[in-house]
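# Structural overview
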Amino acid sequence: MDITNVTEYEAIAKEKLPKMVYDYYASGAEDQWTLKENRNAFSRILFRPRILVDVSKIDMTTTVLGFKISMPIMIAPTAMQKMAHPEGEYATARAASAAGTIMTLSSWATSSVEEVASTGPGIRFFQLYVYKDRNVVAQLVRRAERAGFKAIALTVDTPRLGRREADIKNRFTLPPFLTLKNFEGLDLGKMDKTDDSGLASYVAGQVDRSLSWKDVQWLQTITSLPILVKGVLTAEDARLAVQAGAAGIIVSNHGARQLDYVPATIMALEEVVKASQGRVPVFLDGGVRRGTDVFKALALGASGIFIGRPVVFSLAADGEAGVRKVLQMLRDEFELTMALSGCRSLKEITRNHIVTDWDSPRVVPRL
């Protein structure tokens, strides 16, 4: 397969996958304005490269919650990966581990925390949806701990599922040969066929709409794992996340699948970074398809980024090898962007390396 960039995998996935599955992965909420904006916003940020810097050695390594990784590019939680490829989350876990980076496993994975742990060593986070039955939540968190997962990414933007019209049209449901493996033993692993989105009905029945900041504190009483709050888009919520004891923040609009007409995550990032005042690391997901996007996010204050759709599309196209290739291409592009911008390490990437269309006219310092 002659693939030269991350975006090319989407067309291959569209060809290979059943329409219901491709649409589930690809679509956003309602008018899909935010879906397009997540990508478009990156193109409104330009570089201010510094030249004649010795870039013969470039160090992309970083630490996330104390864990050393090879690059600031990690894997976001995406649900039901066995719909994309028979090896599903197993393949993704192996690819992440081979790349020396972090994989986040979705609550709604088609492989369990134990199965993913069995693929071998690797730093893994667990994404958590809070169910109405808190015993289910406590049990799941304990299993993730026992399986060696290192952090909980708590999704906070889904008291109800966003309106994804492709899923309604397709009457989306999990294919009969698959289950939500983490819930199998609790009789919560199957999704009923409905007249609209089977996932929306499942969420309405199981996920707790009353979730609030006090639950972030409750979670800390049942686990010693650090908690990342995933789904923050405002300074106000960033401050509350820090107050509530979050170990980190993920600026995310859920891949533009929840509330349409929220800003692109790259547009919301700086506000959240400023409000968190360096007290916790801030990460970003949504719309990252190029190494240049990674650099832009870091220049605006992110400690790292997570990719979602590129993982499921490359998984559909070429299994584990596809996911490995996506991580490698992003790594190579990011390294090249650093070199051409005159940055030898992540700490050398600064706000001065970019200009955005929302910056006031720049006063250039005189030498």
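Residues numbered from 1 in each chain as written. Predicted model: local features only at pLDDT ≥ 70, side-chain atom pairs only at ≥ 80, totals over all residues. Heavy atoms only, no water.

### Re the packing of helix H6 (residues 134–146) against helix H9 (residues 213–222)
Put simply, the rule is: The convention used is that axes are lines fitted to C-alpha atoms, helices contributing only their stretch in contact, and that angles between N-to-C directions extend from 0 to 180 degrees. Helix numbers and strand numbers start at the N terminus; a helix is a DSSP run of H or I with at least 4 residues, a strand a run of E with at least 2. Angular relationships are summarised with four words: roughly parallel below 35 degrees, roughly antiparallel beyond 145, roughly perpendicular across 65 to 115, and oblique for the angles in between. By definition, any crossing whose near helix is turned counterclockwise from its far helix by less than a right angle is left-handed, and any crossing with a clockwise turn is right-handed. Every residue pair with non-hydrogen atoms within 4.5 Å of one another is taken to be in contact. Throughout this entry, Asp, Glu, Lys and Arg are counted as charged residues, while Ala, Val, Leu, Ile, Met, Phe, Trp, Tyr, Cys and Pro are counted as nonpolar. The remaining residues, Gly among them, count as polar.
Relative orientation of the contacting elements H6 and H9 amounts to 50°, with a least axis distance of 11 Å. When the axis of H6 is compared with that of H9, the two are oblique. Where H6 crosses over H9, the handedness of that crossing is right-handed. Two secondary-structure elements touch here, H6 through Arg-134, Val-137, Ala-138, Val-141 and Glu-145 and H9 through Asp-215, Trp-218, Leu-219 and Ile-222. A breakdown of the residues in the contact of H6 with H9 according to their chemical character gives six nonpolar, no polar and three charged.

### Some points on the environment of Val-130
Basically, it comes down to this: Only protein chains enter the accessibility calculation, which uses a 1.4 Å probe. A residue is then buried if its area is under 20% of the maximum for its type, exposed if over 50%, and partly exposed in between.
With respect to the secondary-structure elements, Val-130 resides in the loop between strand S6 (124–128) and H6. For Val-130, a relative accessible area of 5% corresponds to the buried category. The contact partners of Val-130, leaving out residues within four places of it in the chain, are Val-137, Leu-154, Val-207, Asp-208 and Leu-211.

### Topic: the nonpolar core
What counts, and what does not: Definition of nonpolar core: a set of buried residues of the types Ala, Val, Leu, Ile, Met, Phe, Trp, Tyr and Cys, connected through side-chain atoms within 4.5 Å.
Formed by 109 residues in total, the largest nonpolar core has its most connected members in Trp-108, Leu-128, Tyr-131, Ile-249, Ile-266 and Phe-334. Of the residues forming this core, the biggest block, 13 residues, is contributed by helix H13 (residues 309–341). By size, the runner-up hydrophobic cluster in this structure holds 13 residues, among which are Ile-69, Met-74, Ile-250 and Phe-306.

### Quick notes on the pattern of salt bridges
Here is the rule we go by: Salt bridge, as applied in this entry: a Lys or Arg side-chain nitrogen positioned within 4 Å of an Asp or Glu carboxyl oxygen.
One pass over the full model with this rule turns up 17 salt bridges. Note that Arg-134 and Asp-215 form a salt bridge whose closest N and O atoms lie 2.8 Å from each other. One end of the pair, Arg-134, is in helix H6; the other, Asp-215, is in helix H9, and 81 residues separate them in sequence. Residue classification places Asp-215 among the buried residues on the basis of a relative accessible area of 8%. With a closest N to O distance of 3.5 Å, Arg-163 and Glu-165 form a salt bridge. Residue class for Glu-165 comes out partly exposed when judged on its relative accessible area of 35%. Each member of the salt-bridge network shares a partner with another, and the members are Glu-87, Arg-94, Glu-320 and Arg-324.

### Here we look at the packing of helix H2 (residues 19–26) against H13
To characterise two packed helices, one gives the angle between the axes of the helices and the distance between these axes. Close contact between H2 and H13 brings their axes to 10 Å; oriented N to C, the two are set at 155°. It follows that H2 is roughly antiparallel to H13 by the angle criterion. Here Tyr-22, Tyr-25 and Ala-26 of H2 lie close against H13, whose contacting residues are Arg-309, Val-312 and Phe-313. Of the residues assigned to the contact of H2 with H13, the class counts are five nonpolar, no polar and one charged.

### So, the pairing of strand S10 (residues 282–285)
Where we set the bar: Here a strand pair is declared whenever DSSP counts at least two bridges between the two strands. The handedness of a crossover follows from its direction of travel: if, with the strands pointing away from the viewer, the path from the first strand over the helix to the second runs clockwise, the crossover is right-handed.
Residues Val-282 and Leu-284 point to one face of S10 and Phe-283 and Asp-285 to the other, with burial holding for every one of them. Direction of pairing for strand S9 (residues 248–251) relative to S10: parallel, over a ladder of three bridges. Across the sheet, residue Ile-249 finds its bridge partner in S10, namely Val-282. Between S9 and its parallel partner S10, the chain crosses via helix H11 (residues 265–276), and the hand of that crossover is right-handed. As judged from the three bridges shared by S10 and strand S11 (residues 304–307), these two strands associate in the parallel manner. Paired with Leu-284 across the two strands is Ile-305, which belongs to S11.

### Comments concerning the layout of surface pockets
Remark: the empty space left among the atoms is shown by a probe the size of a water molecule rolled over them. Formally: Cavities and pockets were defined on a 1 Å grid built from protein atoms only: a cavity is a group of points that admits a 1.4 Å probe but offers it no way out, a pocket is an open group of points flanked by protein on both sides within 12 Å along at least five of seven lines, and a lining residue is one with an atom within 4 Å of any such point. Grid points are joined across faces, edges and corners, and a volume is the space filled by probe spheres set on the points.
Of the volumes computed, that of the largest pocket is approximately 580 Å³. Lining the largest pocket we find 31 residues, and of these Val-156, Asp-157, Thr-158, Pro-159 and Gly-231 sit closest to its centre. Elements with a minimum of two residues in the lining of the largest pocket: H9 and strand S8 (227–232). Broken down by class, the residue content of the lining of the largest pocket amounts to 14 nonpolar, nine polar and eight charged.

### A few points about unusual backbone geometry
Phi is positive for Glu-30, close to 45°, though the residue is something other than glycine. Within the fold, Glu-30 resides in the loop between H2 and helix H3 (33–40). Among the residues examined, Glu-30 registers a relative accessible area of 42% and is labelled partly exposed. Phi is positive for Gln-32, which is not a glycine, with a value near 60°. Residue placement: Gln-32 occurs in the loop between H2 and H3.

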